[in-house]
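# Coordinates in review
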Amino acid sequence: MKIHSYHVLPDFPDKLAPLMELANNMWFSWNWEAVQLFIRIDAERWEKAYQNPVDMLTHLPKERVQEIAEDDSFLANLERVVGRFRDYMTRPTWFEKYLASAGKVQIAYFSCEFGLDEGLPIYSGGLGMLSGDHLKSASDLGIPLVGVGLLYRQGYFRQYLNPDGWQQERYPENDWYHMPVSQMRDENGQPVRITVDIMGSPVIAQVWRVNVGRVPLYLLDTNIQENSPEGRDITTQLYGGDRETRIRQEVLLGIGGTRALRALGITPTVYHLNEGHSAFLVVERMRMLMEEGLTFDEARQVVWASNVFTTHTPVPAGNERFEPQLVYKYLMPYLNRLGLRWEEFLALGRENPANNLEPFCMTVLALRLSAHCNGVSALHGSVSREMWKALWPDLPVAEAPIRHITNGCHTFSWLSHDMGELYITYLGPKYVERPWDFSIWERVDRIPDAELWRTHQRRRERLVFFARKRLKQQLGGRGAGSAEMRQAEGILDPHALTIVFARRFATYKRGTLLFADPERLYRIISDPTRPVQFIFAGKAHPQDNPGKEIIRTIVHFSRDERFRDNIVFLEDYDINVARYLLQGADVWLNTPRRPLEASGTSGMKAAFNGALNLSVLDGWWVEGYSPEVGWRIGNGEVYADPKEQDYVEGQALYHTLENEIVPMFYDRDQFNIPHEWVARMKASIRSLASRYNTHRMLTEYMVDFYVPASHACEVLAMNDFARARELAEWMRRIQSRWHEIRILDIEKKGGGADVTAGLLLPVRVRVRLGGLKLEDVSVEVIYGPLDTRGQLESYESIKAAVEEGPIDGVYTFKASIPCPDSGRFGFSARVLPKHRDLVHPYLPGLITWAE
């Protein structure tokens, strides 16, 4: 039976038309005044629509529409909010003020998930939260960026627990016609569609748009009638299906997403791959460039110079790998168009191209074809360089070209409106108007202790009431009796020290570390004068049974008579639940096994709201921690024996709770104010809120990556890609003759082996360049302290200048090593490639060291 579809639009009078304008821009999600406006229309329907204004408005009864259309007070409120929105969309931005002279910049940001708001469920966890916050801050700062992703018909799963506490999953359907997404149409009013080849068959994807303030997010959807059932299923679930489904999704995201941008008339100068899921975009980018007359090698230089890649995990399972035969099955048709041999492409996705048994890794593909690469914290940058050092075998690990930009979060999306109003009062309006001015946070000390504490108390009370309501819903869903339901009404204490553990349940996050010694834990929580309570929330991946077992263990503890009133597990952790937890927690607990937490951002969000962090020194907390802003578990050690690590850090956790956190929280003055605790809250807000936000993060991406990458793209494309062609030819020549380079000797000029501190040590390096030219290379002298084995512990480098030559094909270079300190030091030399258009010289196989 053929069914014809049609779309019924809501009928609003002209004076209410701006409501749909607000509802269809995610700006409302980080503006409390806009949220209040929607709540004012119908609070019950707002909650029923799960904070989705489009759904609420499209189901609003005509009688209520007529009422608000005749309510002068409401119309004035609407006019005020719309005025703020339109001012936001048109006022001068950070980018216009500071980077207007940067030339043409257009960033395309690819991610497989985006966490923007609970009413648009196309996210799973931390990666999606970061992606959503990235877009929001890009909007606030006026950065010319577009997002690219997939529109999942069922999104990520919704969690519920069976009576034994075992996680179950359900997948409700998303109705895009009642969500803040709109179908893109061309100038003829037809849907914008692109086609990708999936195993020799065309799969059509339609393009949808989500407005994120000033930033558009484009999402691909294959659930259309023209596609086969297999084609329609590609965009069914986030992280669902088998390996075939995953590679299809990643072909669609990378290749299809790039084609969608072209169909929309968008020409990025920078492509940002947020994790490796979109790495196949390099194939499509090179194909498009080869259509313009470039060879594969020439196109590769343009792609490499203008790609930014962010890796997010040091956990092997987080780095997508496919068996070679699966990649061949889906990618070979594209490679044939590039004239690229299968073995050549396979080598791009392997750490060791000679290993025929090694799977194809999307992270490796992205690293090899992106000049600008980063981890998401200082520690993660170091771990990533160690993890992927095989890609640069001749380069010291510390110099592997993977930098770090520490993650942040979008302040206004996660801050409670109570705390936000307090900040406006004491930090001033610039806190909202100039979110990039981080010095504003120094004013937090102006807030009276009593006001800050009472504001935080209100949020804790709201969290407790929310937890009770949520728990009753959970119990009702499992068919609990009336006695259990009544007990849920009194669970948790709105005045007790409240500690929250909320995150994805993977084994390395050690969700059960708190329960290592149940008797000791019971003594901590059961003191009637100093009660302590814990709230847990989080999901395990549907296929992660060990993670599910952790959840079940926690649920069983929460049902134990000793812990029933003080430990709660809240089901179906999402953005809505997260906001209540982040905004009401006193302490945010994090217990990963170092160094497996790349960054983490939930602790940052909690800190904005006045919570104090208690965490293992991993991820961002390595940088964020200081004694005055929170607590650490352990001293950053990495143990060979995981059981020993769990025991030691479990004991440290108990000790910190017993001797520091609980006593400080309950040390009150005559007005019940814990001044030492509040002082630590202020220190945490002042130190952490000013740095760990996505506004700071985006400015670093702009200055360190986006502007240089965009400039490189512009330069290489000039004069019909003349400089890209020149660079590719230079690279071909360099690679063919690099083996001829020899460092013949390196020596200290003058006599003796000693030098006086404060002087310069002159050195001379003799180099044979073979068939290469002087301008092709850079000769560097490296120097630093020696360890007990006579090896450099760390080093710095200085460029050596030509002293004479060539004499019989040999050049002599000179340099002067500064010697500010006394001790035992060493030096050596190396030769690196040099070209005006080379983003950096650290290229595999192109480095020669003194032997």
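Okay, so let's go over this structure. Position numbers for residues count from 1 along each chain, tracking the sequence in the order it is written. For this predicted model, a pLDDT threshold of at least 70 governs which residues receive local features, and a threshold of 80 or more governs which side-chain atom pairs are given and counted, while totals over whole chains, interfaces and linings are taken from all residues. Just so you know, side-chain values use all the structure's heavy atoms and leave hydrogens and water out.

### Regarding the sheet that holds strand β20 (residues 630–633)
Here, any two strands with at least 2 DSSP bridges between them count as paired. Helix and strand definitions follow DSSP, with helices as H or I runs of at least four residues and strands as E runs of at least two, each counted in order from the N terminus. Across the sheet, which stays open at both edges, the six strands sit in the order β17-β16-β15-β18-β19-β20 with parallel pairing between neighbours. What marks the edges here is a single partner per strand, and that holds for β17 (567–570) and β20. Within the sheet, the average angular offset between the axes of one strand and its neighbour, ignoring direction, is 20°. Taken together, the four bridges between strand β19 (residues 612–616) and β20 define a ladder with parallel strand orientation. Note that in β20 the partner of leucine 614 across the bridge is tryptophan 631. Structural elements are reduced to axes, namely lines fitted to C-alpha atoms, with helices fitted over the stretch in contact, and the angle between N-to-C directions of any two is expressed from 0 to 180 degrees.

### Overview of the environment of leucine 150
Structurally, the position occupied by leucine 150 is in strand β2 (residues 145–150). In this structure, the C-alpha to C-alpha distance between leucine 150 and glutamate 250, residues 100 residues apart in sequence, is 9.6 Å. In this description, contact between two residues means that some pair of their heavy atoms is separated by no more than 4.5 Å. Beyond its immediate chain neighbours, meaning those up to four positions away, leucine 150 contacts Leu219, Leu220, Thr235, Gln249, Leu252 and Leu253.

### A closer look at helix α28 (residues 675–689)
Given the number of residues in a helix, its expected span is that number minus one, multiplied by 1.5 Å. If you check α28, its first and last C-alpha atoms are 20 Å apart, about what 15 residues at 1.5 Å a residue would give, namely 21 Å. Remark: exposure states derive from per-residue accessible area (1.4 Å probe, protein chains only) relative to the maximum for the residue type, with buried under 20%, exposed over 50%, and partly exposed in between. Those residues of α28 lying buried are Trp677, Val678, Arg680, Met681, Lys682, Ala683, Ser684, Ile685, Leu688 and Ala689.

### Quick word on empty space enclosed by the protein
With a probe scaled to a water molecule rolled over the atoms, the places where space remains empty come into view. Here a cavity is any set of points on a 1 Å grid over the protein atoms alone where a 1.4 Å probe fits but cannot get out, and a pocket is any open set with protein on both sides within 12 Å along at least 5 of 7 lines; a residue lines the site when it has an atom within 4 Å of a point. Grid points are joined across faces, edges and corners, and a volume is the space filled by probe spheres set on the points. For the coordinates displayed, the defined rule picks out four cavities of 30 Å³ or more. Approximately 80 Å³ is the volume attributed to the largest cavity. As for the largest cavity, its lining consists of Thr411, Phe412, Tyr431, Arg434, Pro435, Asp437, Phe438, Ile440, Trp441, Asn693 and His695. Classifying every residue of the lining of the largest cavity by side-chain character gives six nonpolar, three polar and two charged. As a working rule, the residues Ala, Val, Leu, Ile, Met, Phe, Trp, Tyr, Cys and Pro are called nonpolar, Asp, Glu, Lys and Arg charged, and the rest polar, with Gly in that last group.

### Things to note about helix α6 (residues 72–90)
With 19 residues, α6 extends 27 Å from end C-alpha to end C-alpha; this agrees with the ideal 27 Å at 1.5 Å per step. Of all the positions in α6, only Phe74, Leu75, Asn77, Leu78, Val81, Val82, Phe85 and Tyr88 are classed as buried. Down the axis of α6, the buried side of the element spans an arc of 155°, and every buried residue falls inside it. Across from the buried face of α6, at angles greater than 90 degrees, the exposed residues are Asp72, Glu79 and Thr90. Note that the arc is defined by the directions from the helix axis to the C-beta atoms.

### Observations regarding unusual backbone geometry
Glycine aside, a negative phi is what most residues show, and trans is what most peptide bonds show. The omega torsion across arginine 594 and proline 595 is 5°, close enough to zero to call that bond cis. In this fold, proline 595 is placed in the loop between β18 (587–590) and α25 (602–608). Here the amide bond leading from glycine 805 into proline 806 is cis, since omega sits at 5°, within 30 degrees of zero. Relative to the helices and strands, proline 806 resides in strand β25 (residues 801–807). Its identity as a non-glycine residue notwithstanding, tyrosine 239 has a phi of 55°, on the positive side. Looking at where tyrosine 239 falls in the secondary structure, it is placed in the loop between α9 (229–232) and α10 (243–263). Tyrosine 239 sits in the buried class, given a relative accessible area of 16%.

### What about the packing of helix α11 (residues 281–291) against helix α13 (residues 324–338)?
One can describe the packing of α11 onto α13 by two numbers: an axis separation of 10 Å at closest approach and a directional angle of 30°. One finds that α11 runs roughly parallel with respect to α13. Crossing of α11 against α13: the hand is left-handed. Residues Val283, Met286, Arg287 and Met290 of α11 lie in contact with α13, whose contacting residues are Leu331, Tyr334, Arg337 and Leu338. Of the residues assigned to the contact of α11 with α13, the class counts are six nonpolar, no polar and two charged. Angles below 35 degrees are treated as roughly parallel, those above 145 as roughly antiparallel, those between 65 and 115 as roughly perpendicular, and all remaining angles as oblique. Handedness of a crossing follows from how the near helix is turned relative to the far one, being left-handed for an anticlockwise turn of less than a right angle and right-handed for a clockwise one.

### Observations regarding the side chain of asparagine 590
Here asparagine 590 shows up in strand β18. Take asparagine 590: its relative accessible area is 7%, and that puts it in the buried class. Once residues within four sequence positions are removed from consideration, asparagine 590 is found in contact with Arg503, Glu597, Leu614, Ser615, Val616 and Ile633.

### Here we look at the side chain of glutamine 249
Positionally, glutamine 249 belongs in helix α10. Here a polar contact means two N or O atoms within 3.5 Å. Within protein one must be a hydrogen donor candidate and the other an acceptor candidate, and residues neighboring in sequence count only if both atoms are side-chain atoms. Among the polar contacts listed, one links the side chain of glutamine 249 to the backbone oxygen of isoleucine 234, at a separation of 2.9 Å. The residues touching glutamine 249, leaving out its near neighbours within four places in the chain, are Leu150, Tyr152, Ile234, Gln237 and Tyr239.

### Some points on the packing of aromatic side chains
Each pair of aromatic rings taken from Phe, Tyr and Trp, with Trp reduced to its six-membered ring, is defined by centres within 6.5 Å and is described as stacked if the planes are under 30 degrees apart, edge-to-face if over 60, and tilted in the remaining cases. Enumeration according to the criterion identifies 38 aromatic pairs in this entry. Pairing tryptophan 94 with tyrosine 98 gives two aromatic rings, centres 6.1 Å apart and planes at 45°, and the pair type is tilted. Taken together, the positions of tryptophan 94 and tyrosine 98, both in helix α7 (residues 94–98) and four residues apart, correspond to about one turn of that helix. Its relative accessible area of 42% is what places tyrosine 98 among the partly exposed residues. Arranged with centres 5.1 Å apart and planes meeting at 90°, the rings of tyrosine 328 and tryptophan 342 form a pair that is edge-to-face. You can see tyrosine 328 sitting in helix α13 and its partner tryptophan 342 sitting in helix α14 (residues 342–348), a full 14 residues away along the chain. Accessibility expressed as a relative area gives 43% for tyrosine 328, which makes it partly exposed. By relative accessible area, tryptophan 342 is classed as buried at 15%. By the ring-pair criterion, three or more aromatic residues cluster together here, those being Phe501, Phe505, Phe515, Tyr522, Phe536, Phe557, Phe563 and Phe569.

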